[in-house]
Amino acid sequence: MQLQTTFKNRRAVLISGGISSFQNYARYLNDLTAFYTCLVSSRYSFATTDIQVLYANGGVYDMGGHQVTTTVANRANVLAALHKAVKRLGSEDLLVLFTTNHGDATIPHRLNLWTPSEYLEAPDLGAELAKSSDYFCLGIFGHCFGAKMINQVTANTTAGKGVGVAASKTASHLLPPDGAYDAFLHHFTAALALETPSGYPAAADAKKDGHIDIQEAYDFAHAMNKKQKITDQPDLHDNAATPLDLAAKLTLEGILP
Amino acid sequence: MIEQPPKHDEIEHLLEGNNLLDQIQERISEGDFLPGPGIEREREEELLSLPVWTEAVRVSYCNSYVANSDLRDALDRPLDALSFRGRRGLLLLIDPDSAANWAHACWIASVDVDQNQKIRMVWNNYPPLETPQKRLVRYRRSNDPRENGRLA
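Residues numbered from 1 in each chain as written. Chains lettered and ligands numbered in written order. Predicted model: local features only at pLDDT ≥ 70, side-chain atom pairs only at ≥ 80, totals over all residues. Heavy atoms only, no water.

A. Spatial organisation of the overall build of chain B. A tally of regular secondary structure across chain B gives 3 helices and 6 strands. Shown N-terminal to C-terminal, the secondary structure of chain B runs as helices and strands in the order α-α-β-α-β-β-β-β-β. By the burial criterion, 51% of the 152 residues in chain B qualify as buried. A fraction of 67% describes how many contacts in chain B between residues 6 or more apart in sequence connect residues 24 or more apart. In the form shown here, chain B has an accessible surface area of approximately 7700 Å², with 45% of it arising from carbon and sulfur atoms. (Helix = DSSP H or I, 4+ residues; strand = E, 2+ residues; numbered from the N terminus. Buried < 20%, exposed > 50% of the residue type's maximum accessible area, 1.4 Å probe, protein only. Contact = heavy atoms within 4.5 Å. Areas by Shrake-Rupley, 256 points an atom, 1.4 Å probe, with all protein chains shown as cover.)

B. Up close: helix 2 (residues 75-86) of chain A. Residues and elements named next belong to chain A. Between its first and last C-alpha, helix 2 extends 16 Å over 12 residues, near the 16 Å set by a 1.5 Å rise per residue. Among all positions of helix 2, only Val78, Leu79, Ala81, Leu82, Ala85 and Val86 are buried. For helix 2, the angular spread of buried residues about the axis comes to 160°, placing them on one side. Those residues of helix 2 that are exposed and angled more than 90 degrees off the buried face are Ala76 and Lys84. Backbone geometry just downstream of helix 2 places arginine 88 in the positive-phi region, at approximately 60°. (Expected span 1.5 Å × (residues − 1). Arc of directions from axis to C-beta.)

C. Inspection of the side chain of A:Ser132 at higher detail. Residues and elements named next belong to chain A. Mapped onto the secondary structure, serine 132 falls in the loop between helix 3 (122-129) and strand 10 (136-141). Serine 132 sits in the buried class, given a relative accessible area of 11%. If we ignore the near neighbours within four places in the chain, the residues touching serine 132 are Val86, Arg88 and Leu89.

D. Spotlight on empty space enclosed by the protein. Residues and elements named next belong to chain A. Evaluation of the coordinates by the stated rule reveals 1 cavity of 30 Å³ or more. The calculated volume of the largest cavity comes to roughly 50 Å³. Surrounding the largest cavity, Ile15, Leu82, Leu97, Thr99, Leu111, Leu120, Leu125, Phe141 and Met149 form its lining. (1 Å grid on protein atoms, 1.4 Å probe; cavity = no way out; pocket = protein on both sides within 12 Å on 5 of 7 lines; lining within 4 Å. Points joined across faces, edges and corners; volume = space filled by probe spheres on them.)

E. Up close: the sheet that holds strand 6 (residues 136-138) of chain B. Residue and element names in this part refer to chain B. Sheet architecture is open: 6 strands sit in the order 1-5-4-3-2-6, paired in mixed fashion. With partners counted over all chains shown, the strands left at the sheet margins are strand 1 (34-35) and strand 6, one partner each. As judged from the 6 bridges shared by strand 3 (residues 89-95) and strand 4 (residues 106-112), these two strands associate in the antiparallel manner. Paired with leucine 91 across the bridge in strand 4 is serine 110. Lying on the sheet, helix 2 (residues 20-29) is in contact with strand 2 (58-62), strand 3, strand 4 and strand 5 (118-124); it crosses strand 5 at an angle near 50°. (Pairing = 2+ DSSP bridges. Axes fitted to C-alpha atoms, helices over the stretch in contact; angles between N-to-C directions.)

F. Highlighting the packing of aromatic side chains. One pass over the full model with this rule turns up 8 aromatic pairs over all chains. One aromatic cluster is present, formed by A:Phe184, A:Phe188 and A:Tyr218 through successive ring pairs. (Phe/Tyr/Trp six-rings, centres within 6.5 Å; stacked < 30°, edge-to-face > 60°.)

G. Highlighting the interface of chain A and chain B. Every contact between the two is made by 25 residues of chain A and, on the other side, 24 residues of chain B. For the pair chain A and chain B, the summed buried area comes to about 1800 Å², and 54% of that belongs to carbon and sulfur atoms. On the chain A side of the contact with chain B, A:Phe22, A:Gln23 and A:Pro116 bury the most area, a combined 31% of that side's loss. The interface formed by chain A and chain B holds 0 salt bridges in total. Scanning the region where chain A abuts chain B turns up 13 residue pairs in polar contact (both at pLDDT 80 or more). Elements with a minimum of two residues in the side of chain A that touches chain B: helix 1 (26-40) and strand 7 (103-104) of chain A. (Buried area = accessible area lost by both parts, 1.4 Å probe. Salt bridge = Lys/Arg side-chain N within 4 Å of Asp/Glu carboxyl O. Polar contact = N/O pair within 3.5 Å; in protein donor to acceptor, adjacent residues only side chain to side chain.)

Below is the structure:
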């Protein structure tokens, strides 16, 4: 099936804070690496220059065959990355946000960042997203209570252009049996890539149209979580006139008819 | 990535010889603990319904004796309700959902080693603060067939 709209510019911001080295479990770096690998794969071909990665205290990591220089995941750097990503996005452009690691149920909701005193509050995200007026936005929130970030995407992007996915309305959980990844993010990323990071196929193209839309990826991840008895409470919303109409059409390449 | 710290035989001996975990389990079942710094009053009712002591509970202890100044949570907030009067304390994390990312409900306990081994407990949504010198070690009860790591 042909896309109705193919995105002109696509940017991504990947964020994993970690609080400290003692809470920054290895699976979070794997979550980022798997998603980065998916973005730069031949299926999606994101330009590496359009992907910003903020990870713990920074450093250079091998992601999808690329040496990726990550930025320290503190509040100032996250806001700067969002500002840069949103700047001059147009009506046929896509911004992808991806988070993993710890988050809190405080009001307002907080995404924990690097060092115990650093966090991003939900309204901070919304304020940055609102700085450009008309672009497509996909938020994938894997951190605990990430569902509390979804409305920042749907409320601060143009109607019919914002989709938010979250691993859980409560705490999100690791992937059994070894906790090498977070469960929902692992399955969601595998769905988008149509294979796991280890190369096993992920049969997520339910409509068999050759494209993975966000609803399909969500359904796949949700079903896999249920099968593995993960106690996440996933969530998906968009700001289309008919709820989830956009989620069923939005892909990382463009919009389905 | 950081390595897991080794177990501390003297502290494990204290935990085993005085049925401290049984006492802690009883305190949890009776709801005999205070809210920690991460617990907002409006969320107490919601979260209190979540944690129970099940087979999935994972107990960890700090790998050295602690002082009151060490009693902080991972977000570096003081755990004043755990303050003890003696010179040495034990610090324990009782995690009912160790497969979850933080924040999720857990219990933190201190044991006053020098003052009748009095136990003080809070429930919180983050674990204790760790430092290179004060690390949490997973505790495996020697009399628990599910926790037979040392027998293997």
